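An overview of the molecular structure
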Amino acid sequence: MKFAVIVFPGSNCDRDMYHAAKEVLQEEADLVWYQSANLENYDAILLPGGFSYGDYLRSGAVAATSEIMLQIKAEAAKGKPVLGVCNGFQILLEAGLLPGAMQRNKNLAFMCHQEPLVVENNETLFTSLYKQGEVVQFPIAHGEGNYFCDEETLESLKTKKQIVFTYKNNPNGSVADIAGIRNEEGNVLGMMPHPERAVEALLGSADGLKLFQSVVKNWRESYVANT
């Protein structure tokens, strides 16, 4: 399986994402500069965390208007897995690939620590190796991670089982404790916590590894079924 790790000006978690895919998973991966990307030959797209374009206007707002997003939208429409973490989640929201928006954390402070999450839906291509209701430990590192959506959108997320992860202790004020959501089709996941920083015990948790392994497992099963 071949991963594209998209690099914007200001990305700073791209190497972490690359390490998880290339060195821990032992899959193919490239760091892909946003201006020179051709995503057709990749099997999955990873949007890493950081401060793309310095978070000017709003976090992810400028990156969401970049030309590469046209390719990402086109590949997502084909069913290709797209994972956006932290700033990557913010970009997916700003680009309209996922519903809702981000606000400042409720305490108006940047937070960086391990956080327990609950797997709310293990019937996705990103979470199939987790147990339903499993509690996992992922680190968070954000100042604008307070997810918000209106009541109608929230009911839709619940009805369509688009809420994939929730916070056990809700550190940032996110509506309904939401930590990660997927699109209706199920191939785009955005989340504020960092699974790529939880792929080895040395990092304090290896709970994120199963997310990436789930993606690979789904891709291999789909590949075999289609060949």
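These numbers were taken from a predicted model, which means no experiment stands behind them.

What counts as what
- Residues numbered from 1 in each chain as written.
- Predicted model: local features only at pLDDT ≥ 70, side-chain atom pairs only at ≥ 80, totals over all residues.
- Heavy atoms only, no water.
- UniProt positions renumbered as here; feature names shortened; annotations may be inferred.
- Helix = DSSP H or I, 4+ residues; strand = E, 2+ residues; numbered from the N terminus.
- Buried < 20%, exposed > 50% of the residue type's maximum accessible area, 1.4 Å probe, protein only.
- Contact = heavy atoms within 4.5 Å.
- Polar contact = N/O pair within 3.5 Å; in protein donor to acceptor, adjacent residues only side chain to side chain.
- Phe/Tyr/Trp six-rings, centres within 6.5 Å; stacked < 30°, edge-to-face > 60°.
- Lys NZ or Arg CZ within 6 Å of the ring centre and 35° of its normal.
- Salt bridge = Lys/Arg side-chain N within 4 Å of Asp/Glu carboxyl O.
- Pairing = 2+ DSSP bridges.
- Axes fitted to C-alpha atoms, helices over the stretch in contact; angles between N-to-C directions.

Concerning the UniProt feature "active site" (unreviewed entry) in the protein
Annotation from UniProt places "active site" (unreviewed entry) at Cys86, His194 and Glu196. Over a stretch of 111 residues, the named residues converge on one spot in the fold, their C-alpha atoms separated by at most 10.9 Å. Looking at the element boundaries, Cys86 is found in the loop between β4 (82–85) and α3 (87–94). Given the relative accessible area of 6%, Cys86 is considered buried. Contacts of Cys86, omitting those with residues within four sequence positions, involve Gly49, Ala141, His142, Met191, Met192 and His194. Note that Glu196 resides in the loop between β11 (188–191) and α5 (209–225). Among residues more than four places away in sequence, those in contact with Glu196 are Cys13, Asp16, Met17, Ala20, Val85 and Phe212. Here the side chain of Glu196 touches His194 through a polar contact of 2.6 Å, side chain to side chain.

Here we look at the packing of aromatic side chains
Within a pair of aromatic rings, the relevant descriptors are the distance that separates the centres and the angle that separates the planes. Counted by the stated rule, this structure contains six aromatic pairs. The interplanar angle of 70° and the centroid separation of 4.9 Å between the aromatic rings of Trp33 and Tyr34 together place this pair among those described as edge-to-face. Taking relative accessible area as the criterion, Tyr34 reaches 15% and is therefore assigned buried. Aromatic side chains Tyr34 and Tyr53 sit 6.1 Å apart centroid to centroid with 85° between the ring planes, which places their arrangement in the edge-to-face category. Here Tyr53 lies in the loop between β3 (44–47) and α2 (68–77) and Tyr34 lies in the loop between β2 (28–33) and β3, a separation of 19 residues in the sequence. Every member of this aromatic cluster is reached through a ring pair, and the members are Phe8, Trp33, Tyr34 and Tyr53. A cation over a ring is seen here: Lys2 above Tyr42, with NZ or CZ 5.0 Å from the ring centre.

Some remarks on the pattern of salt bridges
Throughout the structure, instances matching the rule amount to 10 salt bridges. One salt bridge in this structure joins Lys2 and Asp30, with 3.9 Å as the shortest N-O distance. Of the two residues, Lys2 is situated in strand β1 (residues 2–7) and Asp30 in strand β2; the sequence distance between them amounts to 28 residues. For Asp30, a relative accessible area of 29% corresponds to the partly exposed category. With a shortest N-O distance of 2.8 Å, Glu94 and Arg58 are connected by a salt bridge. Placement of Glu94 in helix α3 and of Arg58 in the loop between β3 and α2 is noted, with a sequence separation of 36 residues between them.

A look at the sheet that holds strand β9 (residues 163–167)
Here nine strands make up an open sheet; going across it, the order is β2-β1-β3-β4-β11-β10-β9-β6-β7 and the pairing mixed. Bordering the open sheet on either side are β2 and β7 (135–142), each of which pairs with just one other strand. Between one strand axis and the next, the sheet turns through 20° on average, direction left out of account. As paired elements, β1 and β2 share six bridges and run parallel to each other. Its bridge partner lying in β2, Val7 is registered against Trp33. Packed onto the sheet, α2 meets β1, β3, β4 and β11 and runs at close to 135° relative to β3.

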